[in-house]
Amino acid sequence: MNIVITPKPLSGRVLIPPSKSISHRALICAALSKGESRITGVLQCEDIDATTEALQALGAEIRTENDVTIVKGIEAIPEYAEINCRESGSTLRFMIPVCAALGVETVFTGAGKLPIRPITPYLDEFPKHGVQFVSDIFPYHIKGRLTSGIYPVPGNISSQFITGYMFAMPLMEGTSTIQLTSTLQSKPYADITVNCLRSFGIETLEFNGNYNIKGNQAYEPTNYTVEGDCSQAAFFAVANELGSNIEIAGVNRNSVQGDRAVFDIIDKAIKINGTYSGFDVDASDIPDLVPILTVLASFAEGTSHIRGCRRLRLKESDRLVTISTVLNSLGGKVAIVDGDELEIQGVKELSGGVCSSFNDHRIAMSLAVASQKCTSPLTITGAECVAKSYPTFFEDFRQLGGEYDVVIV
């Protein structure tokens, strides 16, 4: 599906969808609980569908009534399961240790760029703790039961490994330690996990940058509400800085979500004669904000730098390449520096044209926001990829006055 957008500012009120990160975590905690949990506001998207189906493959019963997802925890643990993670890196990295801790022989499949997204910490450590990789290349096949102990993890790969271990370690017999071998990037995502675990009765101890987790803990069913997604709110927050007038509803600016930082980045930027000056941001903890911050920087006066971006090269697309490619094709000035940084020279406007989404939801949504600064229509090819995290994005875009035509290809 291609979207052809007529450039114009947006206005009105938008209710931000529930957090994808929190939805993943709440569903997993509920499925590991003995009893029934009710989760209000679980995001409906392809990534969450992947996690839901994975938990159902392990025996959880999950259904949705109105806006409430009812989860009956796993009672009979299967001996074998096949889990299709689709294109969800979170599902893969969360469910591998969960299945290992439960002792379920599991085959993990998926699509898109998922087969090349690394799981190195698991490949290195699982054989030392009772789990064999029958296949250590995609599709992965694990067998055995994970035992407690010390699990070294590089902090500069992905916090998703930290979260995966956090889910698994309470299910083991003894106390375990997640030992960070380098500074943890994207720490706010680990904080989200700690908060969610606490809501379901699981305690973790952070000490000197490491995490100690006792075994034989019991997940407790509970009623839980998923808050609005700050990473999705970021698109509309940036749209406002480019000339739109949108009331953003359903977001907690004091959230534990790291992507709430978009509001601080905007607030701290210096505005002169209605235009922002260039800014410098370390995105190590907020990688999902990089594409839309690149759009914001493209219209700031002077030069902006977005640093700490190396892990974006292993997302749904190589986001350093894709965001620079699409914006430069429209007249932007974005350069990749040392493979880890974006340097952006501000411009006053972009031309229209045709841009690929590169099958990346955050690239597609960033382009939609950038369209309001284009001088002629902007076509986004493969725009259906927004279904991965925000299926109603273009519906909300239209409700805010956005004009576009859909071309089915």
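As shown above, the structure is provided for reference.
Treat the numbers as computed from the prediction; the structure is a model and nothing was measured.

Visitor: With reference to specific residues and values, describe the packing of helix H7 (residues 230-241) against helix H11 (residues 361-370).
Guide: Viewed as axis vectors pointing N to C, H7 and H11 meet at an angle of 20 degrees, and their least axial separation amounts to 9 Å. Taken together, the axis directions place H7 and H11 in an arrangement best described as roughly parallel. You can see that H7 and H11 cross each other, and the crossing is right-handed. Together, Ser231, Gln232, Phe235, Val238 and Ala239 of H7 and Arg362, Met365, Ser366 and Val369 of H11 make up the contact between the two elements.

Visitor: So, the sheet that holds strand S7 (residues 105-109): which residues are in play, and what are the values?
Guide: Here four strands make up an open sheet; going across it, the order is S6-S7-S9-S8 and the pairing mixed. The sheet terminates laterally at strand S6 (80-84) and strand S8 (131-135), the two strands that pair on one side only. Each neighbouring strand pair of the sheet contributes to a mean axis angle of 20 degrees, computed without reference to strand direction. Strand direction decides the pairing type here: S6 and S7, joined by five bridges, are parallel. Pairing of Glu82 across the sheet is with Val107, part of S7.

Visitor: Run through H11, naming residues and quoting values.
Guide: Burial within H11 is extensive, with ten of its ten residues counted as buried. Taken together, the buried positions of H11 are His361, Arg362, Ile363, Ala364, Met365, Ser366, Leu367, Ala368, Val369 and Ala370. The N-cap of H11, judged by a side-chain oxygen 3.1 Å from the amide nitrogen of Arg362 a few residues on, is Asp360.

Visitor: Can you explain the environment of Pro287? Please cite residues and give values.
Guide: Note that Pro287 resides in the loop between strand S18 (280-282) and helix H9 (290-297). Note: C-alpha distance between Pro287 and Gly103 (184 residues apart in sequence) is 33 Å. In this structure, Pro287 is in contact with Ser186, Tyr189, Arg311 and Leu312, ignoring residues within four places of it in sequence.

Procedures and definitions
Residues numbered from 1 in each chain as written. Predicted model: local features only at pLDDT ≥ 70, side-chain atom pairs only at ≥ 80, totals over all residues. Heavy atoms only, no water. Axes fitted to C-alpha atoms, helices over the stretch in contact; angles between N-to-C directions. Helix = DSSP H or I, 4+ residues; strand = E, 2+ residues; numbered from the N terminus. Parallel < 35°, antiparallel > 145°, perpendicular 65-115°, else oblique. Left-handed = near helix turned anticlockwise from the far one by under 90°. Contact = heavy atoms within 4.5 Å. Pairing = 2+ DSSP bridges. Buried < 20%, exposed > 50% of the residue type's maximum accessible area, 1.4 Å probe, protein only. Polar contact = N/O pair within 3.5 Å; in protein donor to acceptor, adjacent residues only side chain to side chain.

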